[in-house]
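The chain contents come next:
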Amino acid sequence: MLYAIVGNDVPNSLENRLASRPAHLARLAALEAAGRMVLAGPCPAIDSPDPGPAGFSGSLIVAEFDSLAAAQAWADADPYVAAGVYGHVTVRPFRQVFPKS
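Residues numbered from 1 in each chain as written. Predicted model: local features only at pLDDT ≥ 70, side-chain atom pairs only at ≥ 80, totals over all residues. Heavy atoms only, no water.

Student: Quick question: what am I supposed to make of helix α1 (residues 14-33) here?
Tutor: Count 3.6 residues to each turn of an α-helix, and residues three or four apart come out pointing the same way. Look at α1: 27 Å from first C-alpha to last across 20 residues, which is about the 28 Å you get at 1.5 Å a residue. The largest bend along α1 measures about 55° and falls at Arg21, with the proline Pro22 one to four residues further on. Turning to α1, its buried residues are Arg17, Ser20, His24, Arg27, Leu28 and Leu31. Tucked into the core, α1 has its buried residues touching β1 (2-9), β2 (37-44), β3 (56-64), α2 (68-76), α3 (79-82) and β4 (86-94). Immediately beyond the C-terminal end of α1, within one or two residues, lies Gly35, with a positive phi of roughly 75°. (Helix = DSSP H or I, 4+ residues; strand = E, 2+ residues; numbered from the N terminus. Expected span 1.5 Å × (residues − 1). Bend = angle between axes of the 7 residues up to and from the residue. Buried < 20%, exposed > 50% of the residue type's maximum accessible area, 1.4 Å probe, protein only. Contact = heavy atoms within 4.5 Å.)

Student: I'm lost on the pairing of β1 in this one. Help?
Tutor: Two faces make up the sheet, and in a regular strand the side chains alternate between them. Taken across its 8 residues, β1 has 6 buried, putting it largely inside the fold. Relative to β3, β1 runs antiparallel, the two sharing 7 bridges. Bridge pairing in β3 links Tyr3 to Ala63. Two strands pair when backbone bridges link them, and β1 and β4 are joined in this way by 8 bridges, in the antiparallel orientation. What sits directly across from Leu2, in β4, is Phe94. (Pairing = 2+ DSSP bridges.)

Put into C-alpha cells, the structure is as follows:
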C-alpha cells in the first residue's frame, strides 16, 4: 500500500538539512531502486523553486510499504529526524487516483 510521509521542518533548519541531505537522499534512492517510490521532494519556505536562505518548510514522500507500521518505522529512521530538521512527521495511508497507475 502507498503511504504519504510529511515531514515538517523546525525553524532555521537549513544548515542541518543541507548537512544531512546526502544520507536522506540515499534512503530515497533505495526506495526508488526497489520500485517503491511514487514521488518525493521538499516544500520551499517561499514561493520559489530555489528558496535560497529561506530554506524549506518540510518534505513530502509518497512510497509503498508493507504496512503503516513499516512506513512509520522508515520515517522515524530518516536522517532528517536524527539531525533535528523535522520537528514533526506524519505518516498516513494514501490511495493514488491520478495519474492512473
